[in-house]
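Spelled out from the first residue to the last, the chains are:
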Amino acid sequence: MHLRQVFTQVCRTLFLTSLPLTLVAFIPSAAQAAIFSRIYAFGDSLSDTGNSFDITEKTIPITIPPSELGYFKGRFANGPIWLDTLAAKLEIPLPPISRSVGGASPTGVNFATNAATTGDENTFPLPLDGFVGLQEQVAQFKQDNTTVDPEALYVLWAGANDYLGGGVTDPTQPVTNLSNAVTTLFDAGARNFLVANLPSLGATPIGLRRGDQISNQLNQLTAGHNSVFSQAFGQLSNLPGINLKTLDVGSLFNTAIKKPATFGFTNVTSPCLANSPLFNPISADNPISVCDNPDEYLFWDDLHPTSAAHKALGNLAFETLTNQSQPVPEPSLILVELASGVFLGTKLVRKWKQKKVMVRS
């Protein structure tokens, strides 16, 4: 066989054997698009997409959070939050709030409510029906769902209010509450879980404003919480049949504070919305103001992240659930590889380093 024929045959073989891989690179995975059937979310204002707004709108003269100050559609942020991002990336609907659909829905339910602790308590200063703790949220889910969907994703994030408003000084109890919530859902039939730890509470604007001593104490509580959290959920991951992922919010926020430019932030210590009435008395001495560049801020108000920070967290949540660290090669790169007769799977690893207060998280 002539050299040219040999070369042609080799190229043809390489092209045909690599073609299926090339096509896979361009075709979205059906499994990826349907990893979970729906989302059930439990927690506090960091995951609330409208429950608190609905409660206050129907019971008191003001709505919380106040949309007139830039809070977005019942969220404690200036735009979509991490659950919005996660649902979009998973290609499943954002779950409706429990205040509108109760505890059961074909598209999941969001039970998260402002000021919820990991236990039964809620630290909202007014005794309004609907402001409940994490355990009652789980109880409502169990009451309204006699059959539990094992294909759904169950998201739990709470704990900040235990320390900021609940007076808890021992991280063991909040972590035990979180573990019990997961175990209760697991025993009922849930199998897929995403459970989040905490950002450094002393590094939030409200923590920093309390002075170095309180700020350091809050950071120590957070570190203790996350340490106990890691041990507890490491053990729970051994339950037979469980698919348990932990969302490392703490590391993400620490990275954002240490390397803000990585996220496009220029301010990681003060809020874009200064003197939010959720955390500050309304007076001439505390004028409310909003920054012009919220996407460059880590914090929207004294406690809650901006929508830009939430987006980074939603991306991290998606990567945590799907182990997405190898993006599809660019078409131009594929063509170059095919032209040279060699198709190599590109491995590009991406890491996203990326009260009395009225309202807590």
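Structure first, text after, so check above.
Computed from a predicted model, the values in this text were never measured in an experiment. (Residues numbered from 1 in each chain as written. Predicted model: local features only at pLDDT ≥ 70, side-chain atom pairs only at ≥ 80, totals over all residues. Heavy atoms only, no water.)

In terms of nonpolar packing, the biggest core is built from 60 residues, with Trp82, Leu86, Leu90, Leu153, Leu194 and Leu247 touching the most fellow members. When residues in this core are grouped by element, the largest group, seven residues, is from helix H12 (residues 307-322). Among the nonpolar cores identified, the runner-up in size contains 26 residues, and Tyr154, Leu156, Phe233 and Leu244 belong to it. (Core = buried A, V, L, I, M, F, W, Y, C linked by side-chain atoms within 4.5 Å. Buried < 20%, exposed > 50% of the residue type's maximum accessible area, 1.4 Å probe, protein only. Helix = DSSP H or I, 4+ residues; strand = E, 2+ residues; numbered from the N terminus.)

Over its 17 residues, helix H8 (residues 172-188) runs 24 Å from end to end, which matches the ideal 24 Å to within 8%, given 1.5 Å per residue. Within H8, burial applies to Pro174, Val175, Asn177, Leu178, Ser179, Ala181, Val182, Leu185 and Phe186. Residues of H8 that are buried make contact with strand E1 (39-43), helix H6 (134-144), strand E3 (153-157), helix H7 (160-164), strand E4 (192-196) and helix H10 (212-236). Within two residues after H8, Gly189 carries a phi angle of roughly 130°, on the positive side. (Expected span 1.5 Å × (residues − 1). Contact = heavy atoms within 4.5 Å.)

With respect to the helices and strands, Leu239 occurs in the loop between H10 and strand E5 (243-247). We classify Leu239 as partly exposed; its relative accessible area is 25%. Leu239 sits 56 residues away from Thr183 along the chain, and the two C-alpha atoms are 9.3 Å apart.

Now for the packing of aromatic side chains. Taken as a whole and judged by the stated rule, the model has 14 aromatic pairs. Note on Phe42 and Phe111: the rings are 5.0 Å apart at their centroids and 5° apart in plane angle, and the pair reads as stacked. Separated by 69 residues along the polypeptide, Phe42 in strand E1 and Phe111 in the loop between strand E2 (108-110) and H6 bring together distant segments of the chain. The burial state of Phe42 is the same as that of Phe111; both residues are buried. (Phe/Tyr/Trp six-rings, centres within 6.5 Å; stacked < 30°, edge-to-face > 60°.)

In short, geometric facts, not functional conclusions.
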